[in-house]
Amino acid sequence: MCCAAMLLATILTFTPLVIPSGVYQPKLWGMPYTLWMGILISIIMVFLVFLGTFVHPGRDEAARKS
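Residues numbered from 1 in each chain as written. Predicted model: local features only at pLDDT ≥ 70, side-chain atom pairs only at ≥ 80, totals over all residues. Heavy atoms only, no water.

1. With respect to the overall build of the chain
Spelled out, the test is: Counting from the N terminus, the helices are DSSP H or I runs at least four residues long and the strands are E runs at least two residues long. When a residue's accessible area, from a 1.4 Å probe over protein chains only, is under 20% of the maximum for its type it is buried; when over 50% it is exposed; and in between it is partly exposed. Residue contacts follow a heavy-atom distance rule, with two residues in contact if any of their heavy atoms lie within 4.5 Å. Where accessible areas are quoted, they stem from the Shrake-Rupley method and a 1.4 Å probe; at the residue level, only the protein chains shown are allowed to cover.
Per the secondary structure count, the chain includes 3 helices and 0 strands. Helices and strands in the chain line up, N terminus first, as α-α-α. Expressed as a percentage of the 66 residues in the chain, the buried residues total 14%. Long-range contacts, defined here as pairs at least 24 residues apart, represent 36% of the contacts in the chain between residues at least 6 apart. Approximately 5,300 Å² of the chain is accessible, and the part contributed by carbon and sulfur atoms is 75%.

2. Describing the packing of aromatic side chains
Two descriptors summarise a pair of aromatic rings, namely the distance from one centre to the other and the angle between the planes of the rings. Test applied: Any two rings among Phe, Tyr and Trp, with Trp reduced to its six-membered ring, count as a pair given centres within 6.5 Å; such a pair is stacked if its planes are under 30 degrees apart, edge-to-face if over 60, and tilted if neither.
Enumeration according to the criterion identifies 1 aromatic pair in this entry. Between Phe50 and Phe54 the ring centres are 5.0 Å apart and the planes differ by 80°, which places this aromatic pair in the edge-to-face class. With Phe50 and Phe54 both in helix α2 (residues 33-55) and 4 residues apart, the pair spans about one turn of that helix.

3. Let's talk about the environment of Gly22
Along the polypeptide, Gly22 turns up in the loop between α1 (2-13) and α2. Along the chain, Gly22 and Thr34 lie 12 residues apart, while their C-alpha atoms are 9.8 Å from each other.

4. Structural notes on the packing of α1 against α2
Spelled out, the test is: Structural elements are reduced to axes, namely lines fitted to C-alpha atoms, with helices fitted over the stretch in contact, and the angle between N-to-C directions of any two is expressed from 0 to 180 degrees. For classification purposes, an angle smaller than 35 degrees is called roughly parallel, one larger than 145 roughly antiparallel, one from 65 to 115 roughly perpendicular, and anything else oblique. For any pair of crossing helices, the crossing counts as left-handed if the nearer helix is rotated counterclockwise from the farther one by less than a right angle, and right-handed if it is rotated clockwise. Under the grouping applied here, Gly and all other residues not named as nonpolar or charged are polar, the nonpolar ones being Ala, Val, Leu, Ile, Met, Phe, Trp, Tyr, Cys and Pro and the charged ones Asp, Glu, Lys and Arg.
Packing of α1 against α2 brings their axes to within 10 Å, and their N-to-C directions diverge by 165°. It follows from the interaxial angle that α1 and α2 lie roughly antiparallel. You can see that α1 and α2 cross each other, and the crossing is left-handed. Counting all contacts with α1, which are made through Cys2, Ala5, Met6, Ala9, Thr10 and Thr13, the residues of α2 involved are Ile41, Met45, Leu48, Val49, Leu51, Gly52 and Val55. Taken together, the residues that form the contact of α1 with α2 break down as 10 nonpolar, 3 polar and no charged.

Just distances and angles here, no functional claims.
Right under this line is the structure:
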């Protein structure tokens, strides 16, 4: 599920939902739409990577070898 969510977030990054042509409104804290949507997608991706480190099937095996 983490990989599928990451793939979806990656695909969404290059769609008009995040990078619309010629749109800079609405602004959030003085940042144009494309910038804050890009930051939001980046935060989502970092969270998915963090979550993926806990649910990875090989995580328990690596802990036993240490």
